Amino acid sequence: MCRSVFCPHSEHRRAGPGLQQVFGQVIIIQVGCKNNCVCLQARFSYLHMKYLFFSWLAVFVGSWIVYVEYSSYTELCRGHDCKDSICDKFRKGVIDGSACSSMCEKDTLYLGKCFTVKPSSQAKVGDQANLADLSTQVLSIADANKDGHISLPEARSTWALLQLNEFLLALVLQDREHTPKLLGFCGDLYMMEKVPHAPLYGISLPWVVEVWIPAGLRRSMDQWFTPSWPHKAKISIGLLELVEDIFHGTFGSFLMCDVSAAAFGYNDRHDFKVTDARHIVPEAVFQEDIRQQRCDADEDCLYGADCLTTCDLTKHRCTPEVTRPNLAKACDALKDYILRGAPSDVSEELEKQLYACIALKGSAEQTEIEHSLILNNLKTLLWKKISHTKDS
């Protein structure tokens, strides 16, 4: 009969007529072995644990690499397909634009990825839009070769671009610091100034890792790799100025229907920039669409990720007025970002102002005085703290 005895010692010693072997902290002593049989048993030895650790590490690193490669390549609109389709139309004389030659003839322009893949995302300006000024801007953009005339291909391209919310917003806010510069277009594809730091904050993790991380820790991790507090203050002021600009602006009011870090970024001077404006929609368009939406509860009246209205149960239709203004959603997105590392002499007042901002209800028009007061207080508080530094 052969049996193994496990001893909780790490030194060698004899145990009768047996033979002992050491495996990490577990000693296997072979005792009572008749007929010269050899009894060896090693459970969860050091070598086994080492093997399991490196196997897990290899799986983790491999998953991360696959995730990064996959997420950067699986766009619905492949860059090369986009380019081939557009350049084919350009060569046939169907479309034209200021970037067509660089992309299709000189090969000095290449595409990383396409943001917009929906050709039917029509955009309109608000009721208060200054149409004369807007027309002047559109005509200036449309004349790609600056010959004083707009050809049919140029007109087709411009009309296609005007169906895109994000292009319309970029056009009407071109003179504002928070809007990346429009560099050119070809057909319904347009090029913007590159924003080097995006998203605004947060780190991307493979879903296999994401599911194991508690929500509180995840929010904290998103703030690990952010700039110094004075730089964050300057960036935050940029977001607040965007909110101000799209509320009753020259070309009407816009609603921010996805106020997440992924839609924003900043440049090397820490100027705030909009990187994805697809969910900043003209209020007139929003109200027209949401009125047609059937509902049984308020949750059915959600547009994008952040534009929610209430359900009129007598008609089973959504009402047109949003339950939260842009400012409240912007403050919600900034709360953890700007409070982390805030100087002690402004931290308490800043937190108070942010929570007052987040608590705003109804549309901006319904709370216009309170809305303006909180917006100005926040901007003033942040500017006063950084105005004497080089970060301003």
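Residues numbered from 1 in each chain as written. Predicted model: local features only at pLDDT ≥ 70, side-chain atom pairs only at ≥ 80, totals over all residues. Heavy atoms only, no water.

## Structural notes on the pattern of salt bridges
Selection rule: The salt bridge criterion pairs a side-chain nitrogen of Lys or Arg with a carboxyl oxygen of Asp or Glu, the two atoms within 4 Å. A run of H or I in DSSP becomes a helix once it reaches four residues, and a run of E becomes a strand once it reaches two; helices and strands are each numbered from the N terminus. Only protein chains enter the accessibility calculation, which uses a 1.4 Å probe; a residue whose area is less than 20% of its type maximum is buried, one above 50% is exposed, and one in between is partly exposed.
A full pass over the atoms with the stated rule returns twelve salt bridges. A salt bridge links Lys379 to Glu244, with the shortest nitrogen-to-oxygen separation between them at 2.8 Å. Of this pair, Lys379 sits in helix α13 (residues 368–386) while Glu244 is found in helix α9 (residues 229–245), placing the two residues 135 residues apart along the sequence. A salt bridge links Lys385 to Asp345; its shortest N-O distance comes to 2.6 Å. Of this pair, Lys385 sits in helix α13 while Asp345 is found in helix α12 (residues 344–358), placing the two residues 40 residues apart along the sequence. Note on Asp345: relative accessible area 53%, which makes it exposed. Taken together, the shared-partner salt bridges in this structure form one network comprising Lys234, Arg269 and Asp271.

## A closer look at the packing of aromatic side chains
Our working rule: Centres within 6.5 Å make a pair out of two Phe, Tyr or Trp rings, where for Trp the six-membered ring is used; the pair is then stacked when the planes are under 30 degrees apart, edge-to-face when over 60, and tilted otherwise. In our convention, an over-ring charge means Lys NZ or Arg CZ found within 6 Å of a ring centre and within 35 degrees of that ring's normal.
Considering all chains together, one arrives at four aromatic pairs under this definition. Here Phe264 and Phe272 contribute two aromatic rings whose centre-to-centre distance is 5.2 Å and whose plane-to-plane angle is 40°, an arrangement assigned as tilted. A single burial state applies to Phe264 and to Phe272, both of which are buried. Directly above the aromatic system of Tyr337 lies the positively charged group of Lys232, at a separation of 5.4 Å from the ring centroid.

## Details of the environment of Gly97
Along the chain, Gly97 falls in the loop between α2 (79–91) and α3 (100–104). Linking Gly97 and Phe185, residues 88 residues apart in sequence, is a C-alpha distance of 5.3 Å.

## What to know about the packing of helix α11 (residues 326–339) against α13
As a reminder of what qualifies: For every element, the axis is a line fit to its C-alpha atoms; helices are fit only across the contacting stretch, and the angle between N-to-C directions ranges from 0 to 180 degrees. If an angle is under 35 degrees, it is roughly parallel; if it is over 145, roughly antiparallel; if it lies from 65 to 115, roughly perpendicular; otherwise it is oblique. Note on convention: near helix rotated counterclockwise from far helix by under a right angle means a left-handed crossing. Clockwise means right-handed. By the convention used here, residues are in contact when the closest approach between their heavy atoms is within 4.5 Å. Under the grouping applied here, Gly and all other residues not named as nonpolar or charged are polar, the nonpolar ones being Ala, Val, Leu, Ile, Met, Phe, Trp, Tyr, Cys and Pro and the charged ones Asp, Glu, Lys and Arg.
Taken N-terminus to C-terminus, the directions of α11 and α13 make an angle of 25°; their axes are 12 Å apart at the nearest point. Judged by the angle between their axes, α11 and α13 are roughly parallel. Where α11 crosses over α13, the two elements pack in a sense that is left-handed. Between α11, through Leu327, Cys331 and Ile338, and α13, the contact on the second element is made entirely by His371, Ile374, Leu375, Leu378 and Leu382. Class assignment for the residues of the contact of α11 with α13 results in seven nonpolar, one polar and no charged.

## Considerations on the state of the cysteines
In plain terms, the rule: Disulfide assignment relies on a single distance test, namely cysteine sulfur atoms paired within 2.5 Å.
Overall, the coordinates contain six disulfides when judged by the stated rule. Here Cys331 is linked by a disulfide to Cys357, with a sulfur-sulfur distance of 1.9 Å. The sign of the S-S torsion, about 85°, decides the handedness of the disulfide formed by Cys331 and Cys357: right-handed. Here Cys331 is found in helix α11, whereas its partner Cys357 is found in helix α12, with 26 residues between them in sequence. Summarising the burial analysis for this pair, Cys331 and Cys357 share the class buried.

## Here's the deal with unusual backbone geometry
Each neighbour pair has its own omega, and for Ala198 with Pro199 the value is 0°, a cis peptide bond. The phi angle at His316 is positive, at roughly 55°, despite the residue not being glycine. Take His316: it is sitting in the loop between β12 (311–312) and β13 (317–318). Its relative accessible area of 28% is what places His316 among the partly exposed residues.

## Some points on the confidence of the model for the protein
Put simply, the test is: Per residue, pLDDT captures the predictor's confidence, and it can take any value from 0 to 100.
With 75% of its residues at a pLDDT of at least 70, the protein reaches an overall mean of 78. The low-confidence segment residues 1–44 (pLDDT under 50) makes 64 contacts with residues lying over four places distant or belonging to another chain.

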